[in-house]
Each structure stands twice: as structure tokens, then as C-alpha cells.
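Secondary and tertiary structure notes
What follows is the residue order along each chain.
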Amino acid sequence: MTIRPNGSGPLPEHPRAHRRDLAVQAAVKDGLLDPDRAPLAAFLDLAGIRAAARELHRAWPAELPVLHAFAAKANSMVPVLRLLREQGLGCEVASPGELDRALAAGFDPAGIVLDSPVKTRAELARALGLGIAVNIDNFQELERVDALRPDRPGGSGQGGSRLGVRINPQVGTGSIEAMSTAGRSTKFGIPLTDPGSRERLLAAYADRPWLRWVHVHVGSQGCPLELTAAGVAAAVAFAQEVDRNRPGQIEGIDVGGGLAVDFDGDADRAGFDDHVAALRAAAPALFDGRYRIVTEFGRALLAKNGFLASRVEYTKTAGGRPIALTHAGAQVATRTVFAPAAWPLRVLAYDRDGRPSTAAPAVQDVAGPCCFAGDLLARGRELPLLAEGDLVVVPDTGAYYFSTHFDYNSLPEPPVHAFEVAADGSVDFTPLRPAGHCATLEA
Ligand SMILES: *Cc1c(COP(=O)(O)O)cnc(C)c1O
């Protein structure tokens with residue numbers, strides 16, 4: 001990837017980068033990056049989040065009944081979920097904790113979708129009792145739902161839950177194995193191409209007229225659009241096969257999420273409209289109005305609308321290499337630290353007052369605070385030479401980073417501030433979460 005050292009000349013600035021620069025400077029002025037009280041903090045760009053939600057709505061034909069369910073695991077802070085609800089989104093949850101947060105954020109059960117390969121009986125009963133949609137992961141789970149169905153003597157009531165099965169279209173994996181969910185032997189869903197599996201699932205739908213949805217999620221970062229679209233096409237073809245047996249049985253298709261994000265620059269590489277175009281090409285029947293649709297985007301909505309900022313506590317040189325010691329490490333960037341090739345992040349250098357650094361570029365390491373040598377956000381990276389008291393800013397961390405804390409060294413979760421830039425360039429901050437050790441619903 002190409003790293004463009006910031007402060008290296010007048011490059012055309014993306015509006016997002018402009019807002020970020022204003023926010024960093026204002027945060028310093030407001031004491032939100034005080035070297036003693038808040039050497040590490042996270043920021044969310046509300047205008048950017050709203051714009052992403054708008055783009056998602058706009059990408060899909062207005063006449064189609066689509067529910068865009070935000071994948072809560074990407075950023076499960078209650079105020080973030082509430083903001084997305086206010087933008088007309090639903091919420092995809094994959095654990096009791098995420099469901100609690102979605103409910104705390106005020107989502108209507110009709111706007112919540114429960115996925116997860118390991119739902120307990122109690123979780124299933126709760127979901128059916130609430131009437132939230134459930135995507136069933138496997139044949140054993142299907143039997144558990146059978147036992148909870150109201151049409152069975154002693155059944156506990158399924159309410160208005162939309163019920164479907166997650167298929168694994170086995171269309172292949174993307175560039176990050178751990179993020180790919182449609183490999184031949186991936187743990188998620190019911191494989192469609194294993195011998196006898198498709199027939200068994202078709203029979204399961206034939207036996208259960210209340211199974212009216214089909215779910216697919218091919219994977220996340222690293223999966224090309226064509227792979228995602230091939231998975232959705234397999235889901236649509238399966239739905240049509242169910243419908244041939246009992247016309248109209250399939251009410252909707254949940255196409256999952258997984259739009260990859262560009263971590264190399266401020267612009268978006270592929271947008272929601274590119275995703276729709278790829279689906280249109282691969283699965284035209286999805287757009288003919290016969291099916292309701294659910295999407296489940298996480299990263300593409302939030303990643304580029306959040307950043308981390310840390311003071312450089314110290315600098316040193318070892319073996320000839322300059323090293324900046326910061327407060328941003330594995331506790332907030334776990335994937336980047338443990339799998340740096342798959343999850344590179346840009347690091348931008350700012351001076352102590354929050355202005356893009358104008359120091360001469362130098363190849364250096366940017367290290368975190370954790371007590372293991374591999375705790376590096378960037379190795380051998382050329383950027384303006386960092387000095388004690390400077391700031392490093394880590395953009396594109398609004399999804400899966402500061403909201404997915406790793407408790408190593410008992411380092412606290414960083415405080416999170418939302419920001420809005422006014423027309424005159426002034427910046428307004430709202431605290432979303434204080435620094436702390438355990439997330440609470442009151443946030
Ligand atoms: C993680 C996940 C998503 C969201 O993936 P993104 O890459 O963040 O868009 C959607 N659906 C399911 C089932 C998931 O597990």
C-alpha cells in the first residue's frame with residue numbers, strides 16, 4: 001500500500017480528512033487529548049456516519065422493501081446504535097449482549113435480526129418471544145426452533161419473528177481467511193454443495209411453511225464484490241427452488257454485509273452502489289420486487305468515520321530505528337497488531353497542538369503501550385519524525401477497533417467523543433463513552 005505522509009504538501013483533501021484535521025486541533029484545544037488525563041481518545045464523525053447511512057439508503061431502489069440492519073459487532077456502543085436507528089436503519093445482533101444494546105438503543109423488534117452460530121435455547125426463546133428475526137444456523141438449531149414453535153403442543157410462541165436459515169453457498173474465500181464465511185468448510189450456515197445437503201435443506205423448508213427467509217453472508221474485509229454477489233446469487237437460486245415447491249413460501253432474502261473498506265486513503269474504494277450493481281448483475285431476481293430484502297453492513301458504515309488519537313509519550317532509537325511510544329496498541333487495534341499484513345492502518349503524524357506535522361519524514365516504528373514487543377501499530381513506516389508530545393492519529397478505526405476492546409494489561413477502554421463541524425469550522429464534541437474498564441448500557 002502507498003502511505004502518503006501527511007503534511008508533505010498541498011494535496012487535495014477529502015472532506016472527511018478536513019473534518020478530521022479540524023477535530024484533532026479542536027480536541028487538543030478542548031483538553032480532550034490532555035497528556036495526563038487523556039493521552040488516548042477515540043472520535044466519531046457524526047456527519048460522516050449520517051452520510052454513509054444516506055448513501056446506503058440511496059444505493060437501493062426506493063420501491064424495494066429493504067431493511068438495512070447495521071451489524072452491531074462493528075461498533076456496538078448504544079449511542080451509535082441509536083444514531084443509526086434515527087437514520088432509519090435496523091440492527092443485526094449476534095449475542096445476548098448485542099441484543100441488549102440494540103433494545104437499549106430503542107430498536108423495534110421488527111428491525112432486529114439475530115444471527116450467531118451458537119444460540120442457546122434460552123436465546124432462541126427470548127428472540128421468538130420478542131418477535132425479532134432469527135437466521136437459523138444449522139439443522140440442530142432448526143429442531144430447537146421446531147420445539148419452540150406455537151403450533152406445537154406446549155410451544156412457547158413465535159410471535160412475529162421472521163425465520164430463515166443461513167446457507168453457506170461455498171463459493172470460496174477472500175484474501176483474509178478469518179474473515180471469509182463461504183469456504184468449503186467454514187463454520188457458518190448450512191453448506192449447499194456438500195453431498196445431500198441441499199436436498200436435506202429443501203426438505204426442511206418443504207416441511208416447514210413458516211421458514212420464509214434465506215440468509216447468506218459471504219464474509220467481510222478481503223472478499224471481492226463478485227464473490228459476495230456469487231453467494232447472494234446462490235441464496236436467490238435456492239429461494240427460487242423452495243418457491244417452485246411451494247409458490248410464495250420465501251418472503252425475503254437477507255443478503256448479509258461485507259462491503260470491504262479502503263484502509264489506504266480517505267476516499268471509499270467501492271461504495272454501496274457498486275455492491276448493488278454487482279448483485280444486480282449476479283442475481284437479477286433479487287430486484288424484481290418478489291422478495292423483501294435485509295442487508296447487514298457494519299464496517300462500510302462506520303470504519304472511515306472514526307479515528308483514534310494518541311499522544312506520543314516518548315521517542316527513542318534502537319538498532320538505528322526511531323521508535324515512537326504511544327498509548328494506541330493492541331488493546332484498541334488488536335487485529336492490526338496480531339495480523340498486520342491483513343489489517344494495515346494508516347498512521348498520521350500531528351504536532352502537539354493538533355496540526356498536521358511538518359517534521360521531516362523518517363522511517364520509524366509506532367509502538368503501543370502493551371507489554372510485548374510485537375505491540376506495534378506500524379513498523380518501518382515513513383512519516384514525519386515523531387517527537388515527545390506529538391499526536392498520532394489512526395484513521396479508519398470507527399468499526400471493530402475502539403469499540404472492540406482487548407483487556408490486555410488492564411488498559412482502559414479509551415473515551416469516545418462524537419464530533420460535528422459547524423459551517424464556520426468550529427467543532428462541537430459530545431461524550432459518547434467515558435474511559436473505563438467495562439462498557440455499560442447507560443453510555
Ligand atoms: C460481521 C457480520 C456482518 C457485517 O460484516 P461487515 O464486513 O462489517 O459488513 C454481517 N452479517 C453477519 C452475519 C456477520 O457476521
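The shown structure was predicted, so the numbers you read here are calculated from the model rather than taken from an experiment. (Residues numbered from 1 in each chain as written. Predicted model: local features only at pLDDT ≥ 70, side-chain atom pairs only at ≥ 80, totals over all residues. Heavy atoms only, no water.)

1. Section: unusual backbone geometry
- Even without being a glycine, Ser116 presents a positive backbone phi close to 145°.
- Tracing the sequence through the fold places Ser116 in the loop between strand 4 (112-114) and helix 5 (121-130).
- Phi is positive for Ser410, close to 50°, though the residue is something other than glycine.
- You can see Ser410 is positioned in the loop between strand 16 (391-395) and strand 17 (416-421). (Helix = DSSP H or I, 4+ residues; strand = E, 2+ residues; numbered from the N terminus.)

2. Here's the deal with the side chain of Thr326
- Among the structural elements, Thr326 can be located in strand 12 (residues 321-326).
- Assessed through its relative accessible area of 4%, Thr326 is described here as buried.
- At a separation of 3.1 Å, a polar atom in the side chain of Thr326 contacts the main-chain amide nitrogen of Ala328.
- Beyond its immediate chain neighbours, meaning those up to four positions away, Thr326 contacts Ser310, Arg311, Val312, Glu313, Val366, Ala367, Gly368, Pro369 and Val392. (Buried < 20%, exposed > 50% of the residue type's maximum accessible area, 1.4 Å probe, protein only. Polar contact = N/O pair within 3.5 Å; in protein donor to acceptor, adjacent residues only side chain to side chain. Contact = heavy atoms within 4.5 Å.)

3. Points about the pattern of salt bridges
- Counted under the stated rule, the structure contains 18 salt bridges.
- Residue Asp396 pairs with Lys304 through a salt bridge whose shortest N-O separation is 3.0 Å. Of this pair, Asp396 sits in the loop between strand 16 and strand 17 while Lys304 sits in the loop between helix 10 (299-302) and strand 11 (306-318), and the two are 92 residues apart along the sequence.
- Taking the relative accessible area as the measure of exposure, Asp396 reaches 2% and is therefore buried.
- Take Lys304: its relative accessible area is 8%, and that puts it in the buried class.
- Each of Arg20, Asp266, Lys304, Arg346 and Asp396 takes part in salt bridges that share partners, so that together they form one network. (Salt bridge = Lys/Arg side-chain N within 4 Å of Asp/Glu carboxyl O.)

4. Some details on the confidence of the model for the chain
- Of the residues in the chain, 94% reach a pLDDT of 70 or more, and the chain-wide mean stands at 93.
- Long-range and interchain partners of residues 153-158, a stretch whose pLDDT sits below 50, account for 15 contacts in this model, where long-range means more than four residues apart. (pLDDT = per-residue confidence, 0-100.)

5. A word on the site of the ligand
- In the region of the ligand, 15 residues are neighbours, and Lys73, Ser220, Glu296, Arg299 and Tyr400 sit closest.
- Side-chain polar atom of Ser220 to an oxygen atom of the ligand: 2.8 Å apart, as the coordinates give it.
- Among the residues making up the shell around the ligand, the classes are represented as 3 nonpolar, 6 polar and 6 charged. (Near = heavy atom within 4 Å. Nonpolar A, V, L, I, M, F, W, Y, C, P; charged D, E, K, R; others polar.)

6. So, the UniProt feature "domain: Orn/DAP/Arg decarboxylase 2 C-terminal" (unreviewed entry) in the chain
- As recorded in UniProt, the sites labelled "domain: Orn/DAP/Arg decarboxylase 2 C-terminal" (unreviewed entry) are residues 304-398.
- As annotated, residues 304-398 has a helix share of 5% and a strand share of 45%, and its two end C-alpha atoms lie 6 Å apart. (UniProt positions renumbered as here; feature names shortened; annotations may be inferred.)

7. Here we look at the domain arrangement of the chain
- You can read the domains of the chain as domain 1 (15-46 + 303-433) and domain 2 (47-301).
- The C-alpha-based centres of domain 1 and domain 2 are spaced at 33 Å.
- Contacts between domain 1 and domain 2 engage 27 residues on the former and 26 residues on the latter.
- With both chains or domains summed, domain 1 and domain 2 bury close to 2,300 Å², and 55% of this area falls on carbon and sulfur atoms.
- We note a salt bridge from Glu420 to Arg50, for which the minimum N-O separation is 2.9 Å.
- One can count 19 residue pairs in polar contact (both at pLDDT 80 or more) joining domain 1 with domain 2.
- Every element with two or more residues in the side of domain 1 that touches domain 2 is listed here: helix 1 (15-29), strand 1 (40-45), strand 17 and strand 18 (427-433).
- Among the elements that take part in the side of domain 1 that touches domain 2, helix 1 stands out by supplying 4 residues, more than any other.
- The class makeup of the residues in the side of domain 1 that touches domain 2 is 13 nonpolar, 4 polar and 10 charged. (Domains from an automatic or database assignment. Buried area = accessible area lost by both parts, 1.4 Å probe.)

8. Describing the packing of helix 3 (residues 78-86) against helix 4 (residues 96-104)
- It is at 8 Å that the axes of helix 3 and helix 4 come closest, and there the two elements cross at 55°. Taken together, the axis directions place helix 3 and helix 4 in an arrangement best described as oblique. For the element pair helix 3 and helix 4, the recorded crossing hand is right-handed. Counting all contacts with helix 3, which are made through Val78, Leu81 and Arg82, the residues of helix 4 involved are Arg101, Ala102 and Ala104.
- Residue composition of the contact of helix 3 with helix 4, by class: 4 nonpolar, no polar and 2 charged. (Axes fitted to C-alpha atoms, helices over the stretch in contact; angles between N-to-C directions. Parallel < 35°, antiparallel > 145°, perpendicular 65-115°, else oblique. Left-handed = near helix turned anticlockwise from the far one by under 90°.)

9. Some remarks on the packing of helix 5 against helix 6 (residues 139-148)
- Between helix 5 and helix 6, the shortest axis-to-axis distance is 10 Å and the interhelical angle comes to 50°. The pairing of helix 5 with helix 6 is recorded here as oblique in orientation. Here helix 5 and helix 6 pass one another in a crossing that is right-handed. Across from Arg121, Leu124, Ala125 and Leu128 in helix 5, the residues of helix 6 making contact are Glu141, Arg144, Val145 and Leu148.
- Counted by class, the contact of helix 5 with helix 6 contains 5 nonpolar, no polar and 3 charged residues.

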